[in-house]
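Given next are the chains, with one letter for each unit.
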Amino acid sequence: MSGVIANFLIATLAAMLIVAVVGDLRSRTIPNWLNAAIALSAIPFWWFSGLSLWPDVAAHVAVAALVFAIFALAFHIGAMGGGDVKLIAALSLWLSPFAVAKLLVIMSLAGGVLTLAMLIRHRWAKSATALEIPYGVAIAVGGFWVLGEPYLNQFG
């Protein structure tokens, strides 16, 4: 039964990531309530996944705090929005340290493709406004990749 609930929570996380993508595409913002919901729903996920407080949950929290600190620096220099920073940290709470590393690689690759596409679109439209990248999309792509891999890769 615990596995069924854990899978339901993962599906709920996927739905919340879709909400983040839609919001980021529409308004270039990811609401605080959504980031808080993603972060807080990691707690029952840990419980139903059978993670121990030490070292499992402690490692999740420590890695998420490190991710938040690193991306807060990106926010400080203007390279990333605050909602994006909170989203990547909240998503990191759900993942093992190794999965977070995979998330960051996939997210970076997706972010590069997204940035290139947005730059081409921006130049094509000859827009005079500043280019804003909805990086929540790249974060969600990385999240979907890492979350879906155990279900789609039956050989690994």
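Relevant structure appears above.
Residues numbered from 1 in each chain as written. Predicted model: local features only at pLDDT ≥ 70, side-chain atom pairs only at ≥ 80, totals over all residues. Heavy atoms only, no water.

Considering helix α5 (residues 82-92)
In terms of burial, α5 is a largely internal element, nine of the 11 residues being buried. Three or more residues of α5 are buried, namely Gly83, Asp84, Val85, Leu87, Ile88, Ala89, Ala90, Leu91 and Ser92. Considering only its buried residues, α5 is in contact with α1 (2-27), α2 (32-40), α4 (53-76), α6 (97-124) and α7 (136-152). (Buried < 20%, exposed > 50% of the residue type's maximum accessible area, 1.4 Å probe, protein only. Helix = DSSP H or I, 4+ residues; strand = E, 2+ residues; numbered from the N terminus. Contact = heavy atoms within 4.5 Å.)

Quick look at helix α3 (residues 42-49)
Within α3, the full set of buried residues consists of Ala42, Phe45 and Trp46. Buried residues along α3 cover an arc of 100° about the axis, so they all sit on one side. In this structure, the buried residues of α3 make contact with α1, α2 and α4. A positive phi of about 80° marks Gly50, the residue just after α3. (Arc of directions from axis to C-beta.)

Notes on the environment of Lys86
Relative to the assigned elements, Lys86 resides in helix α5. When near neighbours in sequence (up to four residues on either side) are disregarded, Lys86 contacts Asn32, Asn35 and Phe68. A polar atom in the side chain of Lys86 sits 2.4 Å from the side chain of Asn32. (Polar contact = N/O pair within 3.5 Å; in protein donor to acceptor, adjacent residues only side chain to side chain.)

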